Amino acid sequence: MKKITALMFAFLMLVTFASAQKTNAAAEKATASETSITTDGQKDTTVEYNGIVISIPKGVKATVSKDAKGNIIVSGSDLNGVKIDGETVNSTGKTTLSINASTKVMTVKEGNNVTVTNAKGQTYSVKAGQTTAQAAATVTTAKPAAKAEVVPAFVLPSTESAANQQTVQNVEETLSPSSPR
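Residues numbered from 1 in each chain as written. Predicted model: local features only at pLDDT ≥ 70, side-chain atom pairs only at ≥ 80, totals over all residues. Heavy atoms only, no water.

1. Some details on the sheet that holds strand S11 (residues 123-126)
Strand order in the open sheet formed by six strands is S2-S3-S6-S7-S10-S11, with antiparallel pairing between adjacent strands. Across the chains shown, the open sheet's two edge strands, defined by having one partner strand only, are strand S2 (45-49) and S11. On average, each strand axis in the sheet is inclined to that of its neighbour by 25°, with strand direction left out of account. As paired elements, strand S10 (residues 113-117) and S11 share four bridges and run antiparallel to each other. Along S11, the bridge assignment pairs Thr117 with Thr123. (Pairing = 2+ DSSP bridges. Helix = DSSP H or I, 4+ residues; strand = E, 2+ residues; numbered from the N terminus. Axes fitted to C-alpha atoms, helices over the stretch in contact; angles between N-to-C directions.)

Structure, rendered in structure tokens:
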């Protein structure tokens, strides 16, 4: 009887360990294919989804997830200094961004005060419903103002007035005394 009890106890322990291992394996898979990450702002966080690197600095609370179409969604309030695939995003208020993983184009789904600085240092404002590609296309690089050329008064076109005609006549007489009068 003791042998049967000992064997039953050993069998139950074996079944318990086997099922516990299966549960842990399932939990690891769920973590590996996690679809949403929320940062608490306590430390710098870097997330990579489909080749797009998202860096969230310390102090920023944000959620990074994927939607059904495979787009990467970044949402939060005051996303200051968030880097998405080399572009720095700054926003005030509640903001939701959608990044197409294949084209790497970012769309502002929600938020009004969103600025993006690209790798070239160009900063542009992106409105809700607008993509970064559309916003970048509207950015015009300010050309330096052309230097104003100083043109002498005698070169400027003049209106025919009696005073102008007399001045021209006096100049001609002074310069060329042999000119016909």
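Let us keep going from here.
2. What to know about the nonpolar core
Generally speaking, a soluble globular protein has its nonpolar side chains buried in company with each other. Membership of the largest hydrophobic core comes to 23 residues, with the highest contact counts inside it found for Ile54, Val64, Val74, Ile84 and Leu97. For this core, the element with the most residues is strand S3 (residues 52-56), which contributes three residues. Residues within four places of Ile54 in sequence aside, it is in contact with Thr45, Thr46, Val47, Val64, Ile72, Val74, Val82, Lys83 and Ile84. (Core = buried A, V, L, I, M, F, W, Y, C linked by side-chain atoms within 4.5 Å. Buried < 20%, exposed > 50% of the residue type's maximum accessible area, 1.4 Å probe, protein only. Contact = heavy atoms within 4.5 Å.)

3. As for the confidence of the model for the chain
Scored by pLDDT, the chain has a mean of 74; 64% of the residues are at 70 or more. When pLDDT is averaged over each helix and strand of the chain, the minimum, 57, is found for helix H1 (residues 2-32) and the maximum, 91, for strand S8 (residues 94-99). (pLDDT = per-residue confidence, 0-100.)

4. A short note on the environment of Ser125
Its place among the elements puts Ser125 in strand S11. Sequence separation between Ser125 and Asn113 is 12 residues; the distance between their C-alpha atoms is 7.4 Å.

5. Description of unusual backbone geometry
Unlike most non-glycine residues, Asp78 shows phi in positive territory, near 50°. Relative to the helices and strands, Asp78 is located in the loop between strand S5 (72-77) and strand S6 (82-84). Assessed through its relative accessible area of 39%, Asp78 is described here as partly exposed. Phi angles above zero are rare outside glycine, and Lys104 is one such case at about 60°. As for its position among the elements, Lys104 is in the loop between S8 and strand S9 (106-110). The partly exposed category is assigned to Lys104, whose relative accessible area is 42%.

6. Section: the environment of Gly81
Positionally, Gly81 belongs in the loop between S5 and S6. The exposure class of Gly81 is partly exposed, given its relative accessible area of 26%. Setting aside chain neighbours within four positions, we find Gly81 in contact with Ser55, Pro57, Thr88, Val89 and Asn90.

7. What to know about the pairing of strand S7 (residues 87-92)
A one-sided burial pattern is seen for S7, the buried positions being Glu87, Val89 and Ser91 and the unburied ones Thr88, Asn90 and Thr92. As paired strands, S6 and S7 are joined by three bridges and run antiparallel to one another. Bridge pairing links Lys83 to Thr88 in S7. Once S6 ends, the chain turns through two residues before running back antiparallel as S7, passing Asp85 with a positive phi of about 50°. Across five bridges, the pairing between S7 and S10 is antiparallel. Directly across from Val89, in S10, lies its bridge partner Val116.

8. A closer look at the sheet that holds S8
Spatially, five strands are ordered S1-S4-S5-S8-S9 in an open sheet, and the strand pairing comes out antiparallel. Each of the sheet's edge strands pairs with one partner strand only, and the pair in question is strand S1 (36-38) and S9. Neighbour-to-neighbour, the strand axes of this sheet turn through a mean angle of 15°, independent of strand direction. Note: S5 against S8, six bridges, orientation antiparallel. Within S8, the position partnered with Val74 by the bridge is Leu97.

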